[in-house]
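So you can see what is in the structure, the chains are spelled out below.
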Amino acid sequence: MSASPAFTRRGFLAAGQGLLLSTALAPPSLVWAAAPGDTRLVVIILRGGLDGLDMLRPYEDRDWRRVRPSLAKGAGKKPLELAPGFALHPAMKPLYRLWRDGELAFAPAVATPYRDQRSHFEGQDILEKGTSSADLRSDGWMNRVLAALPGERAKGYAVAVGKGQMLVLRGPEEALFWSPSSDLDRGKRDSLLDQLYGEDPLFARALAAAREADVMGDEVRASLASKRATAETSAQLAAKMLQDEARIAVLSLGGWDTHAKQAALLPRKLKELTESLIALKTALGGKVWKRTLVVTLTEFGRTVAENGTRGTDHGTASVTLLAGGALRGERLYGSWPGLSEAALYDGRDLMPTQDIRLYPAWALAAGYGLSPATLERDIFPGLELGRDPGFL
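The shown structure was predicted, so the numbers you read here are calculated from the model rather than taken from an experiment.

Cut-offs used in this document
Residues numbered from 1 in each chain as written. Predicted model: local features only at pLDDT ≥ 70, side-chain atom pairs only at ≥ 80, totals over all residues. Heavy atoms only, no water. Helix = DSSP H or I, 4+ residues; strand = E, 2+ residues; numbered from the N terminus. Expected span 1.5 Å × (residues − 1). Bend = angle between axes of the 7 residues up to and from the residue. Salt bridge = Lys/Arg side-chain N within 4 Å of Asp/Glu carboxyl O. Buried < 20%, exposed > 50% of the residue type's maximum accessible area, 1.4 Å probe, protein only. Contact = heavy atoms within 4.5 Å. Polar contact = N/O pair within 3.5 Å; in protein donor to acceptor, adjacent residues only side chain to side chain. Phe/Tyr/Trp six-rings, centres within 6.5 Å; stacked < 30°, edge-to-face > 60°. Core = buried A, V, L, I, M, F, W, Y, C linked by side-chain atoms within 4.5 Å. pLDDT = per-residue confidence, 0-100. Pairing = 2+ DSSP bridges. Axes fitted to C-alpha atoms, helices over the stretch in contact; angles between N-to-C directions.

Draft legend 1. Quick peek at helix H11 (residues 262-289). Compared with the 40 Å implied by 1.5 Å per residue over 28 residues, the 32 Å span of H11 between its first and last C-alpha is markedly short. The sharpest bend along H11 comes to roughly 65°, located at Ala283.

Draft legend 2. Structural view of the pattern of salt bridges. Taken as a whole and assessed by the stated rule, the structure comprises 15 salt bridges. A salt bridge links Asp101 to Arg97; the shortest N-O distance between them is 3.9 Å. Taking the relative accessible area as the measure of exposure, Asp101 reaches 45% and is therefore partly exposed. Taking the relative accessible area as the measure of exposure, Arg97 reaches 58% and is therefore exposed. Residue Asp378 is joined to Arg377 by a salt bridge in which the shortest nitrogen-to-oxygen separation is 2.9 Å. Residue Asp378 is classed as partly exposed on the basis of its relative accessible area, which comes to 29%. The structure contains a network of salt bridges with shared partners spanning Arg118, Asp346, Arg348 and Asp349.

Draft legend 3. Focus on the environment of Gly123. On the secondary structure map, Gly123 appears in helix H5 (residues 120-129). As a C-alpha pair, Gly123 and Gly49 span 74 residues in sequence and 9.0 Å in three-dimensional space. Contacts of Gly123, omitting those with residues within four sequence positions, involve Tyr114 and Glu299.

Draft legend 4. Broad picture of the environment of Asp313. Positionally, Asp313 belongs in the loop between strand S10 (292-298) and strand S11 (318-323). Its relative accessible area of 29% is what places Asp313 among the partly exposed residues. Spatially, the C-alpha atom of Asp313 lies 9.0 Å from that of Gly49, the residues being 264 residues apart in sequence. Excluding anything up to four places from it in sequence, Asp313 contacts His259, Gly301, Arg302, Thr303 and Asn307. Among the polar contacts made by the side chain of Asp313, one reaches the side chain of Asn307 at a distance of 3.0 Å.

Draft legend 5. View of the packing of aromatic side chains. Summed over all chains, the structure comprises five aromatic pairs. Taken together, a centroid distance of 6.1 Å and an interplanar angle of 70° make the contact between Tyr333 and Phe391 edge-to-face. Separated by 58 residues along the polypeptide, Tyr333 in the loop between S11 and strand S12 (354-355) and Phe391 in the segment after helix H13 (372-379) bring together distant segments of the chain. Owing to a relative accessible area of 1%, Phe391 belongs among the buried residues under this scheme.

Draft legend 6. Broad picture of the nonpolar core. Core analysis: the largest hydrophobic core is formed by 48 residues, its most contacted members being Trp32, Ile44, Met55, Phe106, Leu273 and Leu321. No other element matches H11, which puts eight residues into this core. Leave out the neighbours within four places in its chain, and Leu273 touches Ile44, Leu46, Met55, Met92, Leu253 and Trp256.

Draft legend 7. Region of the structure containing the confidence of the model for the chain. With 78% of its residues at a pLDDT of at least 70, the chain reaches an overall mean of 84. Considering only residues more than four positions removed or in separate chains, one finds that residues 1-27, a stretch of pLDDT under 50, has 78 contacts. Per-residue pLDDT stays below 50 along residues 213-229; that stretch engages in 26 contacts with residues further than four places along the chain or on separate chains.

Draft legend 8. Inspection of the sheet that holds S11 at higher detail. Here nine strands make up an open sheet; going across it, the order is S8-S7-S1-S9-S2-S10-S11-S6-S12 and the pairing mixed. The outermost strands of the open sheet, each flanked by one partner alone, are strand S8 (176-178) and S12. Of the strand pairs in this sheet, strand S2 (residues 40-46) and S10 are connected by seven bridges, and their pairing is parallel. Paired with Leu46 across the bridge in S10 is Thr298. On top of the sheet, helix H6 (residues 141-148) reaches strand S1 (29-34), S2, strand S7 (158-161) and strand S9 (246-253); it is set at about 10° to S1, its chief contact.

Okay, here's the thing in structure tokens:
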């Protein structure tokens, strides 16, 4: 879709200085949009199925230790205990200070309405649509948020950046989809942009401003090209947009499918997420961070028991991480079903006790004035908000 005049005038010229010269961005993908007020909401999609039982470890649970002999090994030695019986994965140790400061919380045993099929493609589609598998609509929940926001500020100011599809933003509301390519060197890339947009005064102005200011800088540009730092630099870019007119950002991080050698793979991903959160807080600054809530979402969790390759397979419930200065943290939200055989879903998975959509939904209600009826009917159809969990 094309950008509306409101977005082109404000959004692209503001963002273009950082985007047009940083086409190595992606993956991960990033979405941002304007909204009324000063609250910032950052949703991080963890693609692949996060093992919530490893991020938030029920380390005193005998059943957890029994069915995870390699993954639970050493978990009781100096655990980063959060709530009684639950500890933070050691790879996320830098976030422990956020917990102590009341800026970190978790909601265990959460899931989308998706059940039993355990397909990444279906699960991620349902997560981004914000619906159930029975709902046939094809637009994303973020696009429906744009339609529902009060006032005109959000109209036409939404953008998705990255090579991966961002279904969360697709729909009838206008948005700009920018797919950067890292195949061209800077000279060829700038030459191509000159040919395409050199005679367009609006785009030419953005190009000139970007080249003159070189806002990303060689150091940041080099880190954008590094797979190891992509998530962190994307968080920094999200912070830049959130300091301007954007109020909602959705960041997509892949690589959470841990079928084998999870003890080696997952810590790297958790470290990446940790660095992204710290980079986001640092780049936003204290004043904006105090008005920010971060919510992580994933399409499903992993099996309670580890498999023969010391990994975990596709499951059902996972965990939601909450962070930010707007959060009432240092606690676990929701309820814990336990890991006894009788308590498992389908005899193998963590039983869902809450709909994962509750957390972005209540954040939208508190931060942007969306009514419970709108959220349950239009944004997340089929969701029952129930009582406000009070995490904000």
